[in-house]
Amino acid sequence: MSGEGPSSKENFASSPCSGAVASLENGSGKGLLPQLDLDEIMNCMHCGFCLPTCPTYEQTGLETYSPRGRIALMKGVAVGQLPVDVEFEHHMNACLGCRACETACPAGVPYGGMLETARELVQETKKKAEKPSVLRSMIFKRIFPYPKRVRRLGNLLWGVQALGLQALANRTGLVRILPKSLREMQKAVGTIASPRERRLREPHMKAEGVKRLTVGLFTGCIMDVMFYETNQATARLLVKAGCDVVFIQEQNCCGAMHAHSGEMAGARELAKRNIEAFERAEVDFVVNNAGGCGAALKEYGHWFKGDPTWEERAKRFASRNRDANELLAELPPLAFNKPLPYTVTYQDSCHLAHGQGVRNPPRELLRRIPGLELVEMRQPDGCCGSAGTYNLTQFEMSMRILDDKMEQVKETKAHLIVTSNPGCLLQMKQGILRAGLEGQMEAVHIMDVLDRAL
């Protein structure tokens, strides 16, 4: 396996897990059954249904870039035939974690949870040998666990834009000091809300007409910094639908980024704070508009499995979580009075479609808007390549996946690409820039589209 890489192209379909199995037979390592559940691993039948759904397998044709190949590597580690080494880490991190394989799997293998466990194991092993990098410690220990620090980061980004420094850096070429991934992404970042705008937010918005529910809006961390107005649009929609909307100040990051990066201890600490904050608020539902955050919030019960203090509380919290599309589709229909004469295509958020099983509600809501035509692309639930921080840590693979996605988008001749996740939204904005479609096409969060139509 050591010679494999994303530039190779080879078909392993006729020999299931051949490369991985060879390593299982020849490898060595310590058995790690407490971390990796061998029963879950053995549920994989190596049938191959996951292969055509996996973006990295589609790009490389390599078995170790497929879900069943990665599961075979996990098995090797679990039974002590493979070490937790750099190669194992590479193959776990090369996965987008899009979970399309879960939708395709006839055996119901919980691949997403297995991947998180494998990445946690990688980080635990690395910490025994070396200190985490300064950047990793900054992200996971010093910034995202603290909402005030995230807001200060947002203030800094706003200042850079307001002073014209971002435009200046792009115009003069100074932006080249940034890594290529950040250099490309910053072009897609929209206008950041000012500190004054965020301070003026109403902490409690009253329902219009008959009050049906009281909901707590989960604002997220990146979502509330980069897409503050989308959160406000979501609140306005919920108010119109008969909900009191409460912004709970004590909430923090959902923990998804920690969980996906193998920092499960940090993810659980963030989860505990959110559970406590929303318990105190006594809302009927916790509503979010970010597919990745929502999937994490709904999985808190799984994160605390076997914990006598937190498991039941986490399950109760998870059961009260709803994606904004879900809840708005269930409530009496909103009166969309403003026609939107656009052709739109909807890009499913992987964690909304595959992680939460929410596919029809966004489409139902879009079809209620007068004048709007929804045209489906060939693979609307295929990953766009964003996948949390994947487009930063695995830039080249991410862009290959994005460029393929944009070919599908162009076929629809859509004016708008609509999605339900901040990472997907930034990625699709980047895709429009890469495809040279500025001025012809716009990427928009579904809550902003619905808000426009009110």
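Below, the structure is looked at part by part. (Residues numbered from 1 in each chain as written. Predicted model: local features only at pLDDT ≥ 70, side-chain atom pairs only at ≥ 80, totals over all residues. Heavy atoms only, no water.)

A closer look at the sheet that holds strand S9 (residues 442-445)
What counts here: DSSP bridges decide pairing: two strands pair if at least two such bridges lie between them. A helix here means a DSSP run of H or I that spans at least four residues, while a strand means a run of E at least two residues long, and both kinds are numbered starting from the N terminus.
A sheet is described by the order of its strands in space; here four strands give the open sequence S7-S6-S8-S9, paired in parallel fashion. Strand pairing shows two members of the sheet lacking a second neighbour, strand S7 (373-374) and S9, which therefore form its edges. As paired elements, strand S8 (residues 416-419) and S9 share four bridges and run parallel to each other. Bridging from a neighbouring strand, Ile417 pairs with Ala443 of S9.

Remarks on a positive patch on the surface
Formally: Patch membership requires over 30% relative accessible area and the absence of a salt bridge. Like charges are linked within 9 Å, and nonpolar side chains (Val, Leu, Ile, Met, Phe, Trp, Tyr) within 5 Å. Only the protein chains shown count as cover for residues, and the accessible areas themselves come from Shrake-Rupley with a 1.4 Å probe. Salt-bridge detection follows one rule: a side-chain nitrogen of Lys or Arg within 4 Å of a carboxyl oxygen of Asp or Glu. For the charge count, each Lys or Arg is scored as positive and each Asp or Glu as negative, with His and the chain ends excluded. Charge placement uses NZ in Lys and CZ in Arg. For Asp and Glu, CG and CD serve respectively.
On the surface, Arg142, Lys148, Arg149, Arg151 and Arg152 cluster together into a patch of positive charge. Of all the elements, helix H9 (residues 147-162) adds the most residues to the positive patch, at four residues. Within the secondary structure layout, Arg151 lies in helix H9.

Some details on the packing of aromatic side chains
This is how it is decided: Within 6.5 Å between ring centres, the rings of Phe, Tyr and Trp (the latter by its six-membered ring) count as paired, and their orientation is classed by plane angle as stacked under 30 degrees, edge-to-face over 60, tilted in between. A ring is considered to have a charge above it if a Lys NZ or an Arg CZ atom is located within 6 Å of its centre and within 35 degrees of its normal.
By the definition in use, this model includes five aromatic pairs. Through pairs of rings, three or more aromatic residues link up here, namely Phe218, Phe278, Tyr300, Trp303 and Phe317. A cation over an aromatic ring shows up here: Arg149 above the ring of Tyr146, its NZ or CZ 4.0 Å from the ring centre. Sitting above the plane of the Trp310 ring, Arg313 keeps its charged end 4.3 Å from the centroid.

With respect to the pattern of salt bridges
A side chain with one charge may pair with a side chain of the opposite charge, provided their charged atoms come close. Taken as a whole and assessed by the stated rule, the structure comprises 28 salt bridges. Ionic pairing is found between Glu364 and Arg368, a salt bridge with its closest N-O pair at 3.9 Å. Via salt bridges that share partners, Arg99, Glu102 and Glu299 belong to a single interconnected network.

So, the nonpolar core
Put simply, the rule reads: Residues grouped as a nonpolar core are buried Ala, Val, Leu, Ile, Met, Phe, Trp, Tyr and Cys residues, joined through side-chain atoms within 4.5 Å. Remark: exposure states derive from per-residue accessible area (1.4 Å probe, protein chains only) relative to the maximum for the residue type, with buried under 20%, exposed over 50%, and partly exposed in between. For this analysis, residues touch if any pair of their heavy atoms sits within 4.5 Å.
Core analysis: the biggest nonpolar cluster contains 51 residues, and Cys254, Tyr300, Trp303, Met406, Ile417 and Met428 have the highest contact counts within it. Listing elements by their share of this core, those giving two or more residues are helix H13 (222-226), helix H15 (256-260), helix H16 (264-281), helix H17 (291-298), helix H18 (300-303), helix H19 (311-319), helix H24 (395-412) and helix H25 (422-434). By residue number, the principal contributor to this core is H16, which donates seven residues. With near-sequence residues (within four places) excluded, Cys254 lies in contact with Phe218, Asn274, Cys293, Ala296, Leu297, Tyr300 and Trp303. Counting residues in hydrophobic clusters, the runner-up holds 38 residues, among them Leu217, Cys243, Val418 and Met447.

Notes on the pairing of S8
As a reminder, the rule being used: For a crossover, the right-handed case is the one in which the path from the first strand over the helix to the second runs clockwise, viewed with the strands pointing away from the viewer.
Of the two faces of S8, the one holding Leu416 and Val418 and the one holding Ile417 and Thr419 are both buried throughout. When strand S6 (residues 343-346) meets S8, the two strands line up parallel, connected through three bridges. Paired with Val344 across the strands is Leu416, a residue of S8. Each parallel crossover has a hand, and the one from S8 via H25 to S9 is right-handed.

Some thoughts on the packing of helix H4 (residues 67-78) against helix H5 (residues 86-93)
Rule in force here: Note on geometry: axes are C-alpha line fits, over the in-contact stretch for helices, and angles between N-to-C directions span 0 to 180 degrees. Handedness of a helix crossing follows the sense of rotation of the near helix relative to the far helix, less than a right angle counterclockwise being left-handed and clockwise being right-handed. Note that Gly is not counted as nonpolar here; it falls among the polar residues with everything else outside the nonpolar set of Ala, Val, Leu, Ile, Met, Phe, Trp, Tyr, Cys and Pro and the charged set of Asp, Glu, Lys and Arg.
In the contact formed by H4 and H5, the axes pass within 10 Å of each other and the chain directions differ by 145°. Where H4 crosses over H5, the handedness of that crossing is left-handed. Note on element contacts: H5 touches H4 through Phe88, His91 and Met92, opposite Arg70, Leu73, Met74 and Val77. For the contact of H4 with H5, the per-class residue count stands at five nonpolar, one polar and one charged.

Comments concerning unusual backbone geometry
With a phi close to 70°, Arg99 is a non-glycine residue in the positive phi region. The topology assignment puts Arg99 in the loop between H5 and helix H6 (100-104). Even without glycine at this site, Lys413 takes up a positive phi of about 55°. By the secondary structure assignment, Lys413 is in the loop between H24 and S8. Look at Lys413 and you get exposed, because its relative accessible area is 66%.

Digging into the environment of Lys272
Looking at where Lys272 falls in the secondary structure, it is placed in helix H16. Here the alpha-carbon distance between Lys272 and Cys254, two residues 18 residues apart in the chain, equals 9.8 Å. Discounting chain neighbours no more than four positions away, the residues touching Lys272 are Phe304 and Trp310.

Topic: the sheet that holds strand S3 (residues 243-246)
Across the sheet, five strands lie side by side as S1-S3-S2-S4-S5; this open sheet has mixed pairing. The sheet is open, and its two borders are formed by strand S1 (204-205) and strand S5 (321-323), each paired with just one other strand. The pairing of strand S2 (residues 213-217) with strand S4 (residues 285-288) spans three bridges and is parallel. Among the inter-strand pairings, Leu217 is bridged to a residue of S4, identified as Val287.

With respect to H4
Definition in use: Each residue after the first adds 1.5 Å to the expected span of a helix.
For H4, with twelve residues, the first-to-last C-alpha span of 16 Å sits near the 16 Å given by 1.5 Å per residue. Most of H4 sits inside the fold, with eleven of its twelve residues counted as buried. Looking one or two residues beyond H4, the residue adopting positive phi is Gly80, at roughly 85°.

A short note on the packing of H5 against helix H7 (residues 111-129)
The interhelical angle for the contact between H5 and H7, taken along N-to-C directions, is 145°, at an axis separation of 10 Å. By crossing handedness, the relation of H5 to H7 is classed as left-handed. Seen from H5, the contacting residues are Phe88, Glu89, Met92 and Asn93; seen from H7, they are Leu115, Ala118, Arg119, Val122, Gln123 and Lys126. Looking at side-chain class alone, the contact of H5 with H7 contains five nonpolar, two polar and three charged residues.

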